[in-house]
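Report on the structure
The residues making up each chain are set out below.
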Amino acid sequence: MASSALSKINRKLAERTAARRKQPRPPSARVTESPPDLHRQILHEVFVACQHYGFVKRSDITHFFPDVKGPRFAQVMNQVNEELRDVYGCELFEDDKQRGTFYLISILPVDPLDGNSSLDHFALGVCYAVLSVIFMANPESLRLSETAICKLLAALGLCDSESTNCLLMDIDLKTLLSGRFVREGWLRREAITNSNPVAYEYFWGARANRAIDKHEMLTFVSSVYGLREGALAWPEHITSITRDEVQLPDN
């Protein structure tokens, strides 16, 4: 009896399973195709992130838009960059030192350090001065110690030799260097090996390498100080500029 009852139950279950398999499957709740305006949604996220943080992370984009993970990411980001170039005159580029971190940069024929407010103009003017002195001091390695940079800022009359509190604006210049300029990709900060107490040095950041024209910078510095420009006067700098032109030809 028990065996007969068990057989009936198994037969009923098999019939139900077979019937269920014949029924059409309900549509998946997950959207398998990306919406046609997906790249514009991502574009909005890019603008918001860059406004708040100075950069956008690939992990943030794939977190909010899981459909663009893997190979799809490059395809959609190409669409994003195409619209950025055509409509907004800028483009996203990836930091080669920190993969997955993207910065927005203008491709219009204007000063890449141009800001909106008086603080922006002042801060980015300081940034250009710092980048200039790093380039002039070490055109190959593009690095300079934090101590040397602070001495430069004091020599320019922006702060006194005892403090990095700015004499012209209510801002600490060392914080400006290690905070905003690093966050926005103009500078990269690293601890000097075996320094005790720990000391730091700054390198040109990914944004500076992409946005700043070294030849224009050399011309600017030469004109400010009345120095002669040319391969004979600046052999190391010209070599650095020439190497960049070979690696990154103008399109």
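Here we summarise the structure given alongside this text. All values reported here derive from a predicted model rather than from experimental measurement. (Residues numbered from 1 in each chain as written. Predicted model: local features only at pLDDT ≥ 70, side-chain atom pairs only at ≥ 80, totals over all residues. Heavy atoms only, no water.)

**Some points on the nonpolar core**
Grouped together as the largest cluster of nonpolar side chains are 37 residues, with contacts concentrated most on Leu131, Ile134, Leu153, Phe181, Trp186 and Trp204. Secondary structure elements with two or more residues in this core: strand E3 (101–106), helix H5 (118–137), helix H6 (146–155), helix H7 (173–183), strand E6 (200–204), helix H8 (206–211) and helix H9 (214–225). Here this core takes 10 residues from H5, the largest share from any one element. Both domains that furnish three or more residues to this core are identified here as domain 1 (38–106) and domain 2 (110–212). (Core = buried A, V, L, I, M, F, W, Y, C linked by side-chain atoms within 4.5 Å. Buried < 20%, exposed > 50% of the residue type's maximum accessible area, 1.4 Å probe, protein only. Helix = DSSP H or I, 4+ residues; strand = E, 2+ residues; numbered from the N terminus. Domains from an automatic or database assignment.)

**Brief notes about H6**
Burial in H6 covers these residues: Glu146, Ile149, Cys150, Leu152 and Leu153. Buried positions in H6, seen along its axis, are confined to an arc of 155° and lie on one side of it. Exposed residues lying more than 90 degrees from the buried face of H6 are Thr147, Lys151 and Ala155. Remark: Gly157 follows H6 within two positions and exhibits a positive phi of approximately 80°. (Arc of directions from axis to C-beta.)

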